[in-house]
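# Survey of secondary and tertiary structure
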Amino acid sequence: MHFYSVRHLTKFLYSRRVNQSVMEVRMHPRSDSNQRCLTFSLSVSPRCRVFSYRDHLGNNVHHFDIPGGHNQLVIVAESLVEHQPLSAIPHFLAPDAWQELDALVAEGDYWEMLLPSEFAVPTPELLSLAKELDVVRRDDPLILLHELNSKLYDYFSYSPRTTRVDSPIDEALQSRQGVCQDFAHIMIALVRHIGIPCRYVSGYLYHGKEDHDRSISDATHAWVEALLPALGWVGFDPTNALIASDRHIRTALGRDYADVPPTKGIFRGRTDSELYVAVKVTASAEPPALDQDLPIPEDWSMLVEKAQAPPPPAEPLLQIQQAQQQQ
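About the thresholds
- Residues numbered from 1 in each chain as written.
- Predicted model: local features only at pLDDT ≥ 70, side-chain atom pairs only at ≥ 80, totals over all residues.
- Heavy atoms only, no water.
- Helix = DSSP H or I, 4+ residues; strand = E, 2+ residues; numbered from the N terminus.
- Buried < 20%, exposed > 50% of the residue type's maximum accessible area, 1.4 Å probe, protein only.
- Contact = heavy atoms within 4.5 Å.
- Areas by Shrake-Rupley, 256 points an atom, 1.4 Å probe, with all protein chains shown as cover.
- Salt bridge = Lys/Arg side-chain N within 4 Å of Asp/Glu carboxyl O.
- Axes fitted to C-alpha atoms, helices over the stretch in contact; angles between N-to-C directions.
- Left-handed = near helix turned anticlockwise from the far one by under 90°.
- Core = buried A, V, L, I, M, F, W, Y, C linked by side-chain atoms within 4.5 Å.
- Pairing = 2+ DSSP bridges.
- 1 Å grid on protein atoms, 1.4 Å probe; cavity = no way out; pocket = protein on both sides within 12 Å on 5 of 7 lines; lining within 4 Å.
- Points joined across faces, edges and corners; volume = space filled by probe spheres on them.
- Nonpolar A, V, L, I, M, F, W, Y, C, P; charged D, E, K, R; others polar.

Counting its regular elements, the protein contains six helices and 16 strands. In the protein, which comprises 327 residues, the proportion classed as buried is 51%. Of the contacts formed within the protein by residues at least 6 apart in sequence, a portion of 79% connects residues at least 24 apart. Of the roughly 15200 Å² of accessible surface on the protein, 51% is carried by carbon and sulfur atoms.

Here it is, written out as structure tokens:
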């Protein structure tokens, strides 16, 4: 059993004061499968009332409205998550696994995880990659997924800031580089193309000293889950050529990133904005004390103080922008 403490800080800094912010946040880890979220807290500055609900996939969503003027918005999510060990995933399934998968899909409601979505689209570039990597129905579904997970790791370079949060998959396909969000979208589109339900997973990855992950430790992470007969939903991490394990902390599930960004919102005003994100995941064999403070960034007190400063007169200009962060 492992316990993970997660601290996720997000700061939006505006060059001119904005008049209102409306935001949705998906940072509350799920409690399902081998994972249980023991505690969760969300702090927002400027202060406001935070509401929450669960969407149709069981994701925890928090939302708030800040009507007053402010120069920055600071969000801090803190979680304590308990993980049980996952059962080992075999290397292959039974010879009739394709038929079992088709029967499973016919009996259930998996269509939204089979159809193209906003970022997981079978473009000509993707279909060319499918042909190059021999992504067709052969062997059994699990063998193919193991192979594809490794091939995507070898085919693409992990390179932060080479794509944007709204980049189509063709940008990563053409440059053969990107981040975990891009690799997850490409794998989802390839897997759905051959009739395997596949979904996007947003969350965190714990990086231990002995782990050699190429994704960075101070950011959120993304991987995929594919539906398989006898096994259910199995996680694959093409960024690091891993099967999702007890180091993967699941926050939200969706068709692709568009469904589950950590933050998504709008503000009123005409200004440039900067986004700063810091993530810290620590592990322990025993549950830490519930009143134990997680590491606080050096500038945290200054950020809170500035965010709570009295607002000047409202600007007469109006602009609505979308705020998201890349994984």
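As a further point, take the pattern of salt bridges. It is possible for side chains of opposite charge to pair when their charged atoms get near one another. Taken as a whole and assessed by the stated rule, the structure comprises 17 salt bridges. Note that Glu-147 and Arg-138 form a salt bridge whose closest N and O atoms lie 2.4 Å from each other. The shortest N-O distance in the salt bridge between Arg-255 and Asp-259 comes to 2.9 Å. Several salt bridges converge on common partners, so that one network encompasses Arg-30, Asp-32, Arg-199, Glu-225 and Arg-250.

In this section: unusual backbone geometry. Cis geometry is found at the peptide bond from Ser-45 to Pro-46, where omega equals 5 degrees. Within the secondary structure, Pro-46 is located in the loop between β3 (35-45) and β4 (50-54). Positive phi is not limited to glycine here, since Ala-241 has a value of about 55 degrees. Inspection of the secondary structure assignment puts Ala-241 in the loop between β11 (232-237) and β12 (242-243). Among the residues examined, Ala-241 registers a relative accessible area of 31% and is labelled partly exposed.

For the pair helix α3 (residues 141-155) and helix α5 (residues 180-193), the least separation of the axes is 11 Å and the interaxial angle reads 145 degrees. When you trace α3 past α5, the crossing you get is right-handed. When α3 is examined against α5, the residues Leu-145, Leu-148, Asn-149 and Leu-152 are found in contact with a partner set consisting of Ile-186, Met-187, Leu-190 and Val-191.

Another point: the nonpolar core. Of all hydrophobic cores here, the largest spans 49 residues; its most connected members are Leu-129, Leu-152, Ile-186 and Leu-190. For this core, the secondary-structure elements that each account for two or more residues are α1 (97-107), α2 (124-132), α3, α4 (169-175), α5, β9 (198-205), β10 (221-228) and β11. Among the elements that line this core, the one with the most residues is α5, at nine residues. With residues near it in sequence (within four places) discarded, Ile-186 still touches Leu-126, Leu-129, Leu-152, Phe-156, Ile-169, Ala-172 and Leu-173.

Further remarks concern the sheet that holds strand β6 (residues 70-83). Backbone-to-backbone hydrogen bonds pair the strands of a sheet. The strands run either parallel or antiparallel. An order of β3-β6-β1-β15 is seen for the four strands of this open sheet, with the pairing classed as antiparallel. Because the sheet does not close on itself, it has two edges, and the strands there are β3 and β15 (273-284). Strand-to-strand twist of the sheet, defined as the mean angle between neighbouring strand axes without regard to direction, takes the value 10 degrees. For strand β1 (residues 2-18) and β6, the ladder comprises 13 bridges, and the chain directions are antiparallel. The partner of Phe-12 across the bridge, within β6, is Leu-73.

A sheet is described by the order of its strands in space; here five strands give the open sequence β12-β11-β10-β9-β13, paired in antiparallel fashion. In this open sheet, the two strands that pair with only one neighbour each are β12 and β13 (248-254). By the bridge criterion, six bridges tie β9 to β13 in an arrangement that is antiparallel. Within β13, the residue paired with Gly-203 across the bridge is Arg-250.

What follows is about the layout of surface pockets. By volume, the second largest pocket is sized at about 430 Å³. Taken together, 19 residues form the lining of the second largest pocket, with Leu-86, Ile-89, Trp-233, Gly-235 and Ala-244 sitting closest to its centre. Breaking the lining of the second largest pocket down by element, the ones donating at least two residues are β11 and β13. Ranked by residues supplied to the lining of the second largest pocket, first place goes to β11 with three residues. Here the lining of the second largest pocket is built from residues that sort into nine nonpolar, six polar and four charged.

What follows deals with the pairing of β9. In terms of burial, β9 is largely enclosed, as eight of its eight residues are buried. One ladder, built from six bridges, connects β9 with β10; its direction is antiparallel. Across the sheet, the residue bridging to Cys-198 is Ala-226, located in β10.

Shape is all these values report; function is a separate question.
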